Amino acid sequence: MKDGGRNSCKIYGRETAVLIQNAYLTVYLALCLAVILSLFLTLLDGVRRNGARLEAECVTDIGLQSIMAEYHRELMKQYNLFAIDSSYGTATCGKANTEAHLLKYLSKNLSYDDIFLSDYLYRDFLSLSVEQAELTKGSILTDYAGAVFRDSAVDAVKDDIGLGLLETLQGWMQKVEVNGLEEGKEEARKEELDKEIEKWVEEYDGTQVEVEEGKWETVEIENPTDGLEIQKSKGILRLVIGSETALSQNTLDTENLIMDRMQKGQVNRGNIEREEGTQTQELAERFLFHEYLLRYMGRYGMEHEEDALRYQIEYLIAGKESDVENLRSVANRLCVLREAANAMYLMSDETKKGEIRIDATVLSALILQPGLTPLLEGAILLAWAYAESVYDVKSLLAGGKVPLLKDSHSWHYSLSTALGGSLGDHATEGEGLCYQDYLRIFMMLADRDTITARAMNMVEADIRKTPGNAAFRLDGCYGAVEACIHISSDYGFRYEITRMKSYH
């Protein structure tokens, strides 16, 4: 029995040992599995958390790219400008409309509704949804008195246009400013001389002069420039073009255009700061902006039939509400500049000054009043300069060229032709500056903000003529936006993402 009991105890001890060993293994595996499972769940949570952040960022970028892709098609087509029209073809513009479009794109990209059998085949591992989409900042084309509009225009052409012409243009402007060609003193001086000459005419016209001993004749005196003054009274357009009926009769209603709204303080404003460039950079950008305008807007001789005004560049310079008045204003300004330049040349040419002196002396000698000679010389010189300027303007409008400062080879009219008022010569091509070059000078001499505002007027007026854009406003067009997106997950994650997108 003792042996049997001892054997039983031995058997029981081995079984207990096996059980104890199995229990150790079970606890070990349980502990290992708990650690592994914890690590797995931690990694799974990390994957979900980081995956959700990545998807939120990707969806944010896609959403912003989507609203940027909704640039205004007509604005791009006609003026090569990219901007979001926040009215989207409606009568009301504002960031709320763009926020609604952004929210739609974000929600659509986070949704599984368009996936086939999504409820059965897929599970949304991230379960993200958009809480809020807000445009916190925006840059509107009309901000900073249209500087953002200018920046966009410069971006559209700066890769195609070199700055070599800018140096030449600066040389032209220097000649204009140094010589005072825009001051218009010649016309005022001519009026003064004519008044003085008229006094002599009233006093001595019809007087008796002894031509030979005992022989007297009645002297009839007249201003030798009267024939040209009659021609001048017709107006510059009739002298250089002829009938005005062949010109564009388009007019512009400026009410409720951007300039009108700016004056009334009724424009939307963005809140993205713009960095000012150096003086050299500003000059280059101004030149490129003018080249952009010359490329995308019409002018006399290169009209755009579909535009609100045919002579748009002339409108930028003159600011009148009709094509005829804008062209007349620019033609008059051309005539004043050319008259000053031509008068300056005549005063430097001794041969032509001699011709003027002879005519003035002969007329003074008829009434035996040599004191009249200087007055006549001045009047004849200015009349000759005006006649030549009429020919110059006619040549420019016909597509020819005229040098800024003439010489004997580029001078056209003789003195007798000019004083006779025969100004019907056909224009020739010539050499020098073309009409577009003179427009470049006028734009550079004009106020920068005024040119910009008038250009924005033209853009609005042109776009409003196209179907579906009757209420188009440049101050509703965004060139850059910054958005703050709030995205949350059903698993307790929340993300706030801020992004900025711009067309340049």
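Rules and cut-offs
- Residues numbered from 1 in each chain as written.
- Predicted model: local features only at pLDDT ≥ 70, side-chain atom pairs only at ≥ 80, totals over all residues.
- Heavy atoms only, no water.
- Phe/Tyr/Trp six-rings, centres within 6.5 Å; stacked < 30°, edge-to-face > 60°.
- Helix = DSSP H or I, 4+ residues; strand = E, 2+ residues; numbered from the N terminus.
- Buried < 20%, exposed > 50% of the residue type's maximum accessible area, 1.4 Å probe, protein only.
- Salt bridge = Lys/Arg side-chain N within 4 Å of Asp/Glu carboxyl O.
- Patch = residues over 30% accessible without salt bridge, like charges linked within 9 Å, V, L, I, M, F, W, Y side chains within 5 Å.
- Areas by Shrake-Rupley, 256 points an atom, 1.4 Å probe, with all protein chains shown as cover.
- Lys, Arg positive; Asp, Glu negative; His and termini not counted.
- Contact = heavy atoms within 4.5 Å.
- Expected span 1.5 Å × (residues − 1).
- Arc of directions from axis to C-beta.
- Core = buried A, V, L, I, M, F, W, Y, C linked by side-chain atoms within 4.5 Å.
- Axes fitted to C-alpha atoms, helices over the stretch in contact; angles between N-to-C directions.
- Parallel < 35°, antiparallel > 145°, perpendicular 65-115°, else oblique.
- Left-handed = near helix turned anticlockwise from the far one by under 90°.
- Nonpolar A, V, L, I, M, F, W, Y, C, P; charged D, E, K, R; others polar.
- pLDDT = per-residue confidence, 0-100.
- Disulfide = S-S within 2.5 Å.
- Charge placed at Lys NZ, Arg CZ, Asp CG, Glu CD.

**Comments concerning the packing of aromatic side chains**
Okay, step 1: Under the criterion given, the structure shown has eight aromatic pairs.
Okay, step 2: When the centroid spacing of 5.9 Å and the interplanar angle of 85° are considered together, the rings of F149 and F289 count as edge-to-face. Within this pair, whereas F149 is found in helix α5 (residues 143-157), its partner F289 is found in helix α11 (residues 279-296), the two being separated by 140 residues in sequence.
Okay, step 3: The class for F149 is buried, based on a relative accessible area of 0%.
Okay, step 4: The exposure class of F289 is buried, given its relative accessible area of 1%.
Okay, step 5: Centroid distance Y292 to Y296: 4.8 Å. Interplanar angle 40°. Geometry classified as tilted. Of the two residues, Y292 and Y296 both sit in helix α11, four residues apart, roughly one turn of that helix.
Okay, step 6: On the basis of relative accessibility, which here comes to 0%, the residue Y292 falls in the buried class.
Okay, step 7: Residue class for Y296 comes out buried when judged on its relative accessible area of 18%.
Okay, step 8: Three or more aromatic residues joined by ring pairs make a cluster, and in this case those are Y71, F82 and Y503.

**Examining the pattern of salt bridges**
If the charged atoms of two oppositely charged side chains come close together, the side chains can form a pair.
Okay, step 1: For the structure shown, the criterion picks out 35 salt bridges.
Okay, step 2: Note that D349 is salt-bridged to K352, the shortest N-O span being 4.0 Å. Like D349, the residue K352 is buried in the burial classification.
Okay, step 3: With its nearest N and O atoms 4.0 Å apart, the salt bridge here joins E377 to R357. Of this pair, E377 sits in helix α15 (residues 373-397) while R357 sits in helix α14 (residues 350-366), and the two are 20 residues apart along the sequence.
Okay, step 4: Residue E377 is classed as partly exposed on the basis of its relative accessible area of 24%.
Okay, step 5: A network of salt bridges, in which partner residues are shared, links E187, K190, D194, E229 and K232.

**Details of a nonpolar patch on the surface**
Okay, step 1: A cluster of nonpolar side chains, namely Y28, L29 and L33, defines an oily patch on the protein surface of about 340 Å² accessible area.
Okay, step 2: Mapped onto the secondary structure, L33 falls in helix α1 (residues 2-68).
Okay, step 3: Of the residues examined, L33 reaches a relative accessible area of 55% and is grouped as exposed.

**Some points on the side chain of E55**
Okay, step 1: Looking at the secondary structure, you find E55 in helix α1.
Okay, step 2: Of the side chains bearing the opposite charge, R48 lies closest to the buried E55, which forms no salt bridge; the N-O distance is 9.9 Å.
Okay, step 3: When sequence neighbours within four positions are dropped, the list of residues in contact with E55 reads N109, L110, L126 and L128.

**Concerning helix α6 (residues 164-178)**
Okay, step 1: Taking 1.5 Å per residue as the helical rise, α6 with its 15 residues ought to reach 21 Å, and the 22 Å between its terminal C-alpha atoms agrees with that figure.
Okay, step 2: What α6 keeps buried is the set L166, L169, W172, M173 and V176. In an axial view of α6, the angular spread of the buried residues amounts to 120°, which keeps them on one side of the axis. The exposed set on the far side of α6, more than 90 degrees from its buried face, consists of G164, E167, Q174 and V178.
Okay, step 3: Two residues or fewer after α6 comes G180, characterised by a positive phi angle close to 60°.

**As for the nonpolar core**
Okay, step 1: Within the largest apolar cluster, 107 residues are counted, with the highest numbers of intra-cluster contacts made by Y292, L293, M297, I313, L316 and Y435.
Okay, step 2: For this core, the element with the highest residue contribution is α15, accounting for 16 residues.
Okay, step 3: Those residues in contact with Y435 that sit more than four places away from it in its chain are R299, Y300, E314, L327, V330, L334, L396, L397 and G400.
Okay, step 4: Core analysis: the next-biggest nonpolar cluster, separate from the first, contains 24 residues, A56, L135, A483 and Y495 among them.

**Thoughts on the packing of α5 against helix α18 (residues 448-464)**
Okay, step 1: Running from N to C, α5 and α18 point in directions that differ by 65°, and their axes come no closer than 9 Å. For the element pair α5 / α18, the angle class is roughly perpendicular. Seen along the crossing, α5 lies across α18 with a hand that is left-handed. On α18, the residues touching A145, G146, F149 and R150 of α5 are R448, D449, T452, A455, M456 and V459.
Okay, step 2: Here the residues of the contact of α5 with α18 sort into five nonpolar, two polar and three charged.

**Let's talk about the confidence of the model for the protein chain**
Okay, step 1: This prediction gives the protein chain a mean pLDDT of 87; 88% of its residues lie at or above 70.
Okay, step 2: Within the protein chain, the element-level pLDDT minimum falls on strand β3 (residues 208-212), averaging 55, and the maximum on helix α12 (residues 312-318), averaging 97.
Okay, step 3: Across residues 4-9 the pLDDT falls below 50, and counting only partners more than four positions away or on other chains, this stretch makes zero contacts in the model.

**As for the state of the cysteines**
Okay, step 1: Scanning the entire structure with this criterion turns up zero disulfides.
Okay, step 2: Cysteine C477 remains unbridged, with the sulfur of C93 as its closest cysteine sulfur at 8.1 Å.
Okay, step 3: Overall, the relative accessible area of 0% leaves C477 in the buried class.

**Concerning a negative patch on the surface**
Okay, step 1: Judged by side-chain charge, E198, E202, E222 and D226 come together as a negatively charged surface patch.
Okay, step 2: As for its placement among the helices and strands, E202 is situated in helix α7 (residues 185-204).
Okay, step 3: Since its relative accessible area comes to 61%, E202 is described here as exposed.

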